Amino acid sequence: MSVEKLFAVKGMNDILPEQMPYWHWLESCAKEVLRSYGYREIRTPIVEPSALFSRGLGQVTDIVEKEMYAFTDKLNGDELSLRPESTAGVVRAAIEHSLTYQEPQRLWYRGPMFRHERPQRGRYRQFHQIGVESLGFSGPDIDAELILLSARLWQKLGLKNVSLELNSIGDAPERAAHRHALIEYLKEQESLLDQDAKRRLYTNPLRILDSKNPAMQEMLGAAPRLIDFLEHASRAHFDGVQALLHANNISFTVNPRLVRGMDYYNRTVFEWISTDLGTQATICGGGRYDPLTPLYGGNETPACGFALGMERVIELLKQITSAPLDNPDIYLMHSGGACGLSAMQLAEQLRTHQMSVVLHCMASVGIGSFKSQMKRADNSGAQLALILGEDEIAQNTVTIKWLRAREKAQEKINRVELIQYLQTHYLQLLSQ
């Protein structure tokens, strides 16, 4: 009887071993940069109460209306969702564990997010983010620090053709005044609005400004600008951010139509854009979200953060370079029997000295000739092969076959001297 083959859920992709070096590279660079700014990692659950997102992100956002993977827990009836983003979860955790009670917090996270979107290049239903949240900081300096941090990461990764767009969406009274003016303007232009814009007209008109519909761009370009409604405090904050970026030689463009997709943002918002990704140009976005904590029952806490899309950044990395390979140091070959027993002991000894070793294991189909084993050794990407045959066991030696440094070819080493030899010669080879 044939069994139906099963496949991954559409838009939720396997990350195969040959792809992982790019992921490790991005994560390693991000961890190094984040540590240099004093950020500490936090990990929150993938499943959260649905109310966490509907209350914080906004009932009329695309995420809550159309994209969340929401379900009822069949055991207790709780309404739950796979997280579509992590800011809400980090803020929930900060309130629940009183993280900001003593002092402000610089936190970062990484992991999968879930949105039911139409899968396309750089946009998937399960996608991954690295994000940063700064809780308890009210000044423009932390907004600028997040932008400087992300700029340093692009520099470390070697990304080119990445530009910064910046805006301020002010505070609630300023947005209310702008909202009124924007609705009045859009009502006059209603014949030019698409169906999505008409649906948002009275619920979330600010999001209409973010429309990508080419037919609406000229009309939206003439719409009232929120930045013109900023009062003194918001204006001073935005001016402070810009002054700090200028002082640190960060180029940017003020984009009055930049609003971001969640309702919790206020004042500073920003996006990093790449010209090398086609329509999915945003690789990183964020901003200030001072109003969020009280929505979850916490005390008023100023906050700012961003998230980068790992898949999109990795797409850029693939265009500019090859990632460092995750290859083993050593492939250990043997002729089976007593040699196989000795080989396993040697492999463990080498691993104790921080060397990565692939031990040839093919007993179920026969150990294979040294010629066939050598082919596997070469395909493994290892720098060298160690050979344990009956002659080596009798002489208490190990044969070394250098797979990448051809000038060294092959040599025999007394087993007692092997560790010191490898530590000297192999580390020297890696440093070249």
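Scroll up a little and you will see the structure.
Being a predicted model, the structure only gives us computed values, none of them experimental. (Residues numbered from 1 in each chain as written. Predicted model: local features only at pLDDT ≥ 70, side-chain atom pairs only at ≥ 80, totals over all residues. Heavy atoms only, no water.)

Caption draft 1: Local environment of the packing of helix α2 (residues 50-57) against helix α4 (residues 87-96). Between α2 and α4, whose axes approach to 10 Å, the crossing angle comes to 105 degrees. Compared by their axis directions, α2 and α4 come out roughly perpendicular. Contact with α2, carried on its side by Leu-52, Phe-53 and Leu-57, involves Ala-88, Gly-89 and Arg-92 of α4 and no other residues of that element. The residue inventory of the contact of α2 with α4, partitioned by class, reads 4 nonpolar, 1 polar and 1 charged. (Axes fitted to C-alpha atoms, helices over the stretch in contact; angles between N-to-C directions. Helix = DSSP H or I, 4+ residues; strand = E, 2+ residues; numbered from the N terminus. Parallel < 35°, antiparallel > 145°, perpendicular 65-115°, else oblique. Contact = heavy atoms within 4.5 Å. Nonpolar A, V, L, I, M, F, W, Y, C, P; charged D, E, K, R; others polar.)

Caption draft 2: Structural detail: the packing of aromatic side chains. Going through the model one piece at a time under the given rule, you end up with 2 aromatic pairs. Taken together, a centroid distance of 6.1 Å and an interplanar angle of 80 degrees make the contact between Trp-154 and Trp-272 edge-to-face. With Trp-154 in helix α5 (residues 140-157) and Trp-272 in strand β9 (residues 266-274), this pair connects stretches of sequence that are 118 residues apart. Across this residue pair, the class does not change: Trp-154 and Trp-272 are buried. Ring centres of Phe-270 and Phe-306 lie 6.4 Å apart, and the angle between their planes is 65 degrees; this geometry places the pair in the edge-to-face category. Separated by 36 residues along the polypeptide, Phe-270 in strand β9 and Phe-306 in strand β11 (residues 303-309) bring together distant segments of the chain. Taking the relative accessible area as the measure of exposure, Phe-270 reaches 0% and is therefore buried. (Phe/Tyr/Trp six-rings, centres within 6.5 Å; stacked < 30°, edge-to-face > 60°. Buried < 20%, exposed > 50% of the residue type's maximum accessible area, 1.4 Å probe, protein only.)

Caption draft 3: Representation of the pattern of salt bridges in the model. Inspection of every chain in the model, using the stated rule, returns 15 salt bridges. One salt bridge in this structure joins Asp-171 and Arg-267, with 2.9 Å as the shortest N-O distance. Residue Asp-171 is found in the loop between β7 (162-168) and α6 (172-188), and its partner Arg-267 is found in strand β9; the two are separated by 96 residues along the sequence. Classification of Arg-267 as buried rests on a relative accessible area of 15%. Residues Arg-225 and Asp-228 are paired through a salt bridge, measuring 3.0 Å at the closest nitrogen-oxygen approach. The exposure class assigned to Arg-225 is partly exposed, which follows from its relative accessible area of 37%. Connected through shared salt-bridge partners, Glu-27, Glu-41, Arg-43 and Arg-110 make up one network. (Salt bridge = Lys/Arg side-chain N within 4 Å of Asp/Glu carboxyl O.)

Caption draft 4: How the structure looks around the pairing of β7. Pairing geometry for β7 and β9, over 7 bridges, is antiparallel. Looking at the pairing, Leu-164 lines up with Trp-272 of β9. Bridge count between β7 and strand β8 (residues 253-254): 2 bridges; the pairing is parallel. By the bridge assignment for β8, Glu-165 is matched with Thr-253. (Pairing = 2+ DSSP bridges.)

Caption draft 5: Representation of the sheet that holds strand β12 (residues 330-334). As summarised here, the arrangement of the 5 strands in space is β13-β12-β14-β15-β16, forming an open sheet in which the pairing is mixed. At either margin of the open sheet sits one strand with a lone partner, and together these are β13 (357-359) and β16 (410-414). If you compare each strand with its neighbour and ignore which way they point, the axes differ by 25 degrees on average. The pairing of strand β15 (residues 397-402) with β16 spans 5 bridges and is classified as antiparallel. Counted as the bridge partner of Thr-397 is Asn-414 from β16. Sheet contacts for helix α12 (residues 338-352): β12, β13, β14 (384-388) and β15; angle to β12, the most-contacted strand, approximately 160 degrees. Strands β12, β14 and β15 of the sheet are contacted by helix α13 (residues 370-379), whose axis makes an angle of about 170 degrees with β12.

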